[in-house]
Amino acid sequence: MRPMRRTLCTLLTATALLAAAACGGGSGSPSGSSAGGVRTIKVGAIAIADTAPVHLAVSKGIFKKHGLNAKITAVQGGAAGISGVMGGQFDFAFANTTSILTAAARNLPIKVVSNGNSSTGVPGKDFSAVVVRKDSPVKSAKDLEGKTIAVNQLKNIGDTTIRAAVRKAGGDPSKPKFVEMPFPDMPAALAKGRVDAVWIVEPFLTQVTGSGGRAVVWNFAEAAPDLTVAMYFTSSKLAQQDPDLVKRFTAAINEAFAYATAHPDAARKELLTYTQIPAATVGKITLSKWPIAINRASVETIADDALKDGVLSKKPDLDALLP
């Protein structure tokens, strides 16, 4: 194995980014073109409400308008998207801000190309919250000191933003105890008292609060104003070798953000085509925001908080990472 690829595999293992996929032989080179100059691209995207615009870009012909034939593959999380881009499985992928910062801090050669989605910025009306049982004594972020909180992945955007909310409330951000648990398992764990609180996102948020759960912390909205929650990215190699492809993708996804923002009902309807969210729930969930611009200040805040909390060993070069 060449030294560069050996280093890449080591870094991926250290950050739990599915090293096997990353070292499986992909070159990260640009996708091919077909007749008429239409470029085929491969995109890795988590099958959640946050990624509705990229699916709308396919169904509404937005990618086609920009000369792209997009093939979207569902991934389990940001780690799978990052390893897929590094290994050449995807040209572009979607991942949350903390996952991207962690990869960049580990010197993985990635480049952000566009926003992904953002918090609504409104506590009480966002798509992410910390929820407790109705009879819980927890009333605020400060009350989470010493409590056990379920998150879907340790040392990621969930616990980072919860610690930020605790810190802002005057509490000790080192005192909450986090345990890793898949989102679908959290409602039962909370109901049975196996954890004191759960961090959940839509559609689980609507389901749990509708069953008697009580939201006490709106961690995305409270961590930073208009938080950029996730972004789309590519490999540094593709960004350097094929800037036209990146330009086309960015233009298409930005147009899709504008469409989803102007047509929320269409975004909700699109969810039924690629998620397992029940039709009865789709109309009730809170959608994220899809602004075109990345809120750099919020990315800086998350990077600084992650560094304070030991999630990052160093702060990545945001000038090199962000567009």
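Caption draft 1: Seen up close, the pattern of salt bridges. Summed over all chains, the structure comprises 12 salt bridges. Its salt-bridge partner being Arg-248, residue Asp-244 comes within 3.1 Å of it at the nearest N-O pair. Placement of both Asp-244 and Arg-248 in helix 12 (residues 243-262) is noted, with a separation of four residues, approximately one turn of the helix. On the basis of relative accessible area, Arg-248 is assigned to the partly exposed category, the value being 21%. Ionic contacts of the salt-bridge type, sharing partners, join the residues Arg-296, Glu-300, Asp-304, Lys-315 and Asp-319 into one network.

Caption draft 2: Focus on empty space enclosed by the protein. Counted by the stated rule, this structure contains one cavity of 30 Å³ or more. Estimated volume of the largest cavity: approximately 40 Å³. Split into classes, the residues belonging to the lining of the largest cavity amount to three nonpolar, two polar and two charged.

Caption draft 3: The layout of surface pockets, seen in detail. Its boundaries defined by the atoms lining it, the largest pocket holds a volume of some 1,200 Å³. Ile-46, Ile-48, Gln-76, Asn-152 and Phe-183 are, among the 40 residues lining the largest pocket, the residues nearest its centre. At the level of secondary structure, the elements contributing two or more residues to the lining of the largest pocket comprise strand 2 (68-75), helix 5 (78-87), strand 3 (92-96), strand 8 (197-201), helix 9 (204-210) and strand 10 (228-235). Class assignment for the residues of the lining of the largest pocket results in 27 nonpolar, 10 polar and three charged.

Caption draft 4: Summary view of the side chain of Thr-275. Topologically, Thr-275 is positioned in the loop between helix 13 (264-274) and helix 14 (279-282). Residue Thr-275 is classed as buried on the basis of its relative accessible area, which comes to 14%. Polar contacts involving the side chain of Thr-275 include one to the main-chain carbonyl oxygen of Leu-271, which spans 2.8 Å. For Thr-275, the side chain forms a polar contact with the main-chain nitrogen of Ile-277, separated by 3.2 Å.

Caption draft 5: Local environment of the sheet that holds strand 8. Reading across from one edge, 7-6-8-5-9 is the order of the five strands in this open sheet, with mixed pairing throughout. Looking at the sheet topology across the chains shown, the edges are occupied by strand 7 (177-180) and strand 9 (214-217). Adjacent strand axes in the sheet meet at a mean angle of 40°, parallel and antiparallel pairs treated alike. Strand contacts of helix 7 (residues 157-168): strand 5 (128-132), strand 6 (148-151), strand 7, strand 8 and strand 9, with the helix running at about 140° to strand 6, the strand carrying the most contacts.

Caption draft 6: Molecular detail of the pairing of strand 5. The buried count for strand 5 comes to five of five residues, which makes it a mostly enclosed element. Residues Ser-128, Val-130 and Val-132 line one face of strand 5 and the alternating positions Ala-129 and Val-131 line the opposite face, and both faces are buried. Alignment of strand 5 against strand 8, held across four bridges, turns out to be antiparallel. Bridged to Val-130 within strand 8 is Trp-199. Pairing between strand 5 and strand 9: three bridges, direction antiparallel.

Caption draft 7: Broad picture of the packing of aromatic side chains. Under the definition given, this model contains eight aromatic pairs. Ring centres of Trp-199 and Phe-220 lie 5.9 Å apart, and the angle between their planes is 65°; this geometry places the pair in the edge-to-face category. Here Trp-199, found in strand 8, pairs with Phe-220, found in helix 10 (residues 219-223); they are 21 residues apart in sequence, far enough to count as distant. The burial state of Trp-199 is the same as that of Phe-220; both residues are buried. Through pairs of rings, three or more aromatic residues link up here, namely Phe-63, Phe-92, Phe-94, Tyr-232 and Phe-249.

Caption draft 8: Structural detail: unusual backbone geometry. The omega torsion of the bond from Glu-202 to Pro-203 falls at 10°, within 30 degrees of zero and hence cis. Of note, Lys-155 is a non-glycine position whose phi angle comes to about 55°, a positive value. Its location among the elements puts Lys-155 in the loop between strand 6 and helix 7. Take Lys-155: its relative accessible area is 54%, and that puts it in the exposed class. Although it is not a glycine, Asp-226 sits at a positive phi angle of roughly 50°. Note that Asp-226 resides in the loop between helix 10 and strand 10.

Caption draft 9: Inspection of the environment of Asn-152 at higher detail. Counting through the fold element by element, Asn-152 comes out in the loop between strand 6 and helix 7. Assessed through its relative accessible area of 32%, Asn-152 is described here as partly exposed. Along the primary structure Asn-152 and Ile-200 are separated by 48 residues, whereas in three dimensions their C-alpha atoms are 8.3 Å apart.

Caption draft 10: Summary view of the pairing of strand 10. Among the eight residues in strand 10, eight count as buried, and that is most of the element. As defined by bridge partners, strand 3 adjoins strand 10 across four bridges and the pair is classed as antiparallel. Looking at strand 10, one finds that Ala-93 is bridged to Phe-233. Sheet topology places strand 4 (residues 110-118) next to strand 10; seven bridges connect them, and they run antiparallel. Its bridge partner lying in strand 10, Val-112 is registered against Phe-233.

Reading the values: rules and limits
Residues numbered from 1 in each chain as written. Predicted model: local features only at pLDDT ≥ 70, side-chain atom pairs only at ≥ 80, totals over all residues. Heavy atoms only, no water. Salt bridge = Lys/Arg side-chain N within 4 Å of Asp/Glu carboxyl O. Helix = DSSP H or I, 4+ residues; strand = E, 2+ residues; numbered from the N terminus. Buried < 20%, exposed > 50% of the residue type's maximum accessible area, 1.4 Å probe, protein only. 1 Å grid on protein atoms, 1.4 Å probe; cavity = no way out; pocket = protein on both sides within 12 Å on 5 of 7 lines; lining within 4 Å. Points joined across faces, edges and corners; volume = space filled by probe spheres on them. Nonpolar A, V, L, I, M, F, W, Y, C, P; charged D, E, K, R; others polar. Polar contact = N/O pair within 3.5 Å; in protein donor to acceptor, adjacent residues only side chain to side chain. Pairing = 2+ DSSP bridges. Axes fitted to C-alpha atoms, helices over the stretch in contact; angles between N-to-C directions. Contact = heavy atoms within 4.5 Å. Phe/Tyr/Trp six-rings, centres within 6.5 Å; stacked < 30°, edge-to-face > 60°.

Treat this as a map of the structure, not an account of what it does.
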